[in-house]
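Per-entry structural report
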Amino acid sequence: MRAAIVLALAFGTASAFVTRPFNAGIRAAPRTAAAAPRMAASIDLSGKTAFIAGVADSTGYGWAIAKALADAGATVTVGTWPPVLQIFQKSLDNGKFAEDSILSDGSTMEIAKVYPLDAVFDTAEDVPEETKNNKRYAGLDGYSISEVAKAVEADYGKIDILVHSLANGPEVVKPLLETSRNGYLMASSASAYSFVSLVQKFGPIMNEGGAALSLTYIASERVIPGYGGGMSSAKAQLESDTRTLAWEAGRAHGIRVNTISAGPLKSRAASAIGEKGTKSFIEYAIDYSKANSPLARDLYSDDVGASALFMCSPLAVGVTGVTMYVDNGLHAMGLAVDSAAMQMDA
Ligand code: NAD
């Protein structure tokens, strides 16, 4: 059996690590007069099922989150966009991701099931003929959000963790001043409403104590030139919706709803954002982040995976409605310390 992830939050006298049921919450180990303060907890998600929407290769945040959850013992299922499903499935089958699938105990992550999912469609009736006849959707059906939720329920019953790790904005390379109404609304539909719809459709098939999580970006609240096409607007919606959904789904289903504002990562989606000169948008963003963040280190997808694991685990039992930054602290800065304007006279 896979080892549960054990977190020792402070050190004192030894006591047994306790694995708690998903809903049970985490309490500090009892303190005795003689013992130094100590809190130990483990994250064991065995017996829990996760559905992660937006996984199609091993470079993105969805994969890292899948791996972190699998490492803690969860059964991992994913939803993959039909146009990239075949290549993803082929790559999985021929071992292309073998190295990126190794868990902390040396075993290999298993993706229990890959569901075709197009998150711009809520029901089968929403799928236009043009999409049905598109060769990238050939032979597929049941990929709207409500159909996928039904399929997951038929396969697994109730699930515990729902992750939204997807975004799409056809005009992302255009400044907002040049973005069409259609491009703007498509960015919102694919990148923000898709989360609302996922929580709507999956909420009823989630166990109380479960968690829904999405991925957002600082462009929602600060100007990031180059992140266009209404994608910044979509991320602002996603963060606002996180708060409202936390309230509504908390009361309706007893689940938590949070979002992680992640730092820049050279994923497939981010690589398509655009380029200026010799570097792509995401390469600039990564270099800028390292030069100006409080933590001058590379940001790895696994850093977000680890925080996502925490957010989806009982350790975060009381956390809902938050935007949590996992960006080496860049969000806290108000000044670019590597700016030419900051070069002081000797
Ligand atoms: P990624 O390419 O791994 O993930 C994006 C996924 O969205 C892809 O698998 C793609 O197939 C899928 N997708 C696109 N349209 C879809 C649709 N209609 N239905 C279903 N799936 C669809 O890239 P990533 O950068 O890891 O993105 C994951 C999330 O992280 C996104 O929400 C993104 O905005 C967010 N994020 C990324 C960065 C970054 O720098 N990469 C920073 C902050 C937040």
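Per chain, residue numbering runs from 1 following the sequence as it is written. Where local features are concerned, this predicted model is filtered to residues with pLDDT of at least 70; where side-chain atom pairs are given and counted, the filter is 80 or more; whole-chain, interface and lining totals use all residues.

Regarding the overall build of the protein chain
- Each helix and strand counted, the protein chain has 9 helices and 11 strands in total.
- Relative to its 346 residues, the protein chain shows a buried fraction of 43%.
- Throughout, a residue-residue contact means that the two C-beta atoms, derived from backbone geometry, are no farther apart than 7 Å. Here the analysis covers contacts within the protein chain between residues at least 6 apart in sequence; of these, 77% occur between residues at least 24 apart. Helix and strand definitions follow DSSP, with helices as H or I runs of at least four residues and strands as E runs of at least two, each counted in order from the N terminus. Neighbour density around each residue's C-beta defines its exposure: 20 or more other C-beta atoms within 10 Å make it buried, 12 or fewer make it exposed, and counts between make it partly exposed, where C-beta atoms are placed from the backbone.

Points about helix α5 (residues 181-202)
- Here a helix's expected span is defined as the number of its residues, less one, multiplied by 1.5 Å. Its 22 residues place the ends of α5 29 Å apart at the C-alpha level, agreeing with the 32 Å of an ideal helix rising 1.5 Å per residue.
- Bend is the name given here to the angle between axes fitted to two runs of seven residues, the run ending at a residue and the run starting at it. Residue Y193 marks the point of greatest curvature in α5, where the axis turns by about 45°.

As for helix α4 (residues 145-156)
- An ideal rise of 1.5 Å per residue puts 16 Å on 12 residues; α4 measures up with 16 Å between its terminal C-alpha atoms.
- Residues of α4 that are buried: I145, E147, V148, A149 and V152.
- As for α4, its buried residues are in contact with β3 (49-53), β4 (75-80), β5 (111-116), β6 (159-164) and α5.

Topic: the pairing of β6
- Counting buried positions over the 6 residues of β6 gives 6, a clear majority of the element.
- Of the strand pairs in this sheet, β3 and β6 are connected by 4 bridges, and their pairing is parallel. Bridging from a neighbouring strand, F51 pairs with L162 of β6.
- Note on pairing: DSSP must find at least two bridges between two strands before they are called paired. Here 5 bridges tie β6 to strand β7 (residues 206-216), and the two strands are oriented parallel to one another. Directly across from H164, in β7, lies its bridge partner S214.
- Look down the strands so they point away from you; if the path from the first strand over the helix to the second goes clockwise, the crossover is right-handed. Chirality of the crossover, the property in question, places the unit of β6, α5 and β7 among those that are right-handed.

Looking at the nonpolar core
- Nonpolar cores are built from buried Ala, Val, Leu, Ile, Met, Phe, Trp, Tyr and Cys residues. These are joined into a set through C-beta atoms within 7 Å. Residues I52, I65, A66, L69, V76 and A308 are the most contacted members of the largest nonpolar core, which totals 84 residues.
- Ranked by residue count, the leading element in this core is α5, at 9 residues.
- Setting aside residues up to four positions removed in sequence, I65 forms contacts with I52, V163, S165, V304, G305 and A308.

Focus: the site of the ligand
- A molecule or strand has a residue near it when that residue's C-beta atom, placed from backbone coordinates, lies within 6 Å of it. Near the ligand, the surroundings consist of 28 residues, among which G60, L166, L215, S267 and A269 are the closest.
- Looking at the shell around the ligand, the elements with two or more residues in it are α1 (61-71), β7 and α7 (268-271).
- When residues in the shell around the ligand are grouped by element, the largest group, 3 residues, is from α7.
- Put simply, Ala, Val, Leu, Ile, Met, Phe, Trp, Tyr, Cys and Pro go in the nonpolar bin, Asp, Glu, Lys and Arg in the charged bin, and everything else, Gly too, in the polar bin. Across the shell around the ligand, the residue classes break down as 19 nonpolar, 7 polar and 2 charged.

Some details on the sheet that holds β5
- Pairing is parallel in the open sheet, where 7 strands are placed in the order β5-β4-β3-β6-β7-β8-β11. In this open sheet, the two edge strands, each paired with only one partner strand, are β5 and β11 (323-326). This sheet shows a mean twist of 20° between the axes of neighbouring strands, independent of strand direction.
- When β7 meets strand β8 (residues 256-262), the two strands line up parallel, connected through 6 bridges. Bridging from a neighbouring strand, L213 pairs with N258 of β8.
- Axis angles are defined between N-to-C directions and span 0 to 180 degrees, where every axis is a line fitted to C-alpha atoms and, for a helix, only to the segment in contact. Contacting β3, β4, β5 and β6, α4 crosses the sheet at an angle of about 155° to β5.

Things to note about the packing of α4 against α5
- Taken N-terminus to C-terminus, the directions of α4 and α5 make an angle of 35°; their axes are 9 Å apart at the nearest point. Regarding α4 and α5, the two cross each other, and that crossing is right-handed. Contacts between α4 and α5 involve I145, S146 and A149 from the first element and S197, L198, K201 and F202 from the second.
- In terms of residue class, the contact of α4 with α5 is made up of 4 nonpolar, 2 polar and 1 charged. Crossing chirality is assigned from the near helix's rotation relative to the far helix, an anticlockwise turn below a right angle marking it left-handed and a clockwise turn marking it right-handed.

Points about the environment of A296
- When you line up the elements, A296 lands in the loop between α8 (281-292) and α9 (301-312).
- For A296, a count of 12 C-beta atoms within 10 Å puts it in the exposed group.
- Each C-alpha atom of the pair A296 and G329 lies 9.4 Å from the other, and the pair is 33 residues apart in sequence.

Side note on the packing of α5 against helix α6 (residues 231-253)
- It is the contact of α5 with α6, at a shortest axis distance of 9 Å, that shows an interaxial angle of 15°. Taken together, the axes of α5 and α6 are roughly parallel relative to one another. Crossing of α5 over α6 shows right-handed handedness. Contact residues: Y184, A187, S188, S191, A192, F195, V196 and V199 in α5; M231, S233, A234, Q237, L238, D241, L245 and A249 in α6. For this classification, under 35 degrees means roughly parallel, over 145 means roughly antiparallel, 65 to 115 means roughly perpendicular, and everything else is oblique.

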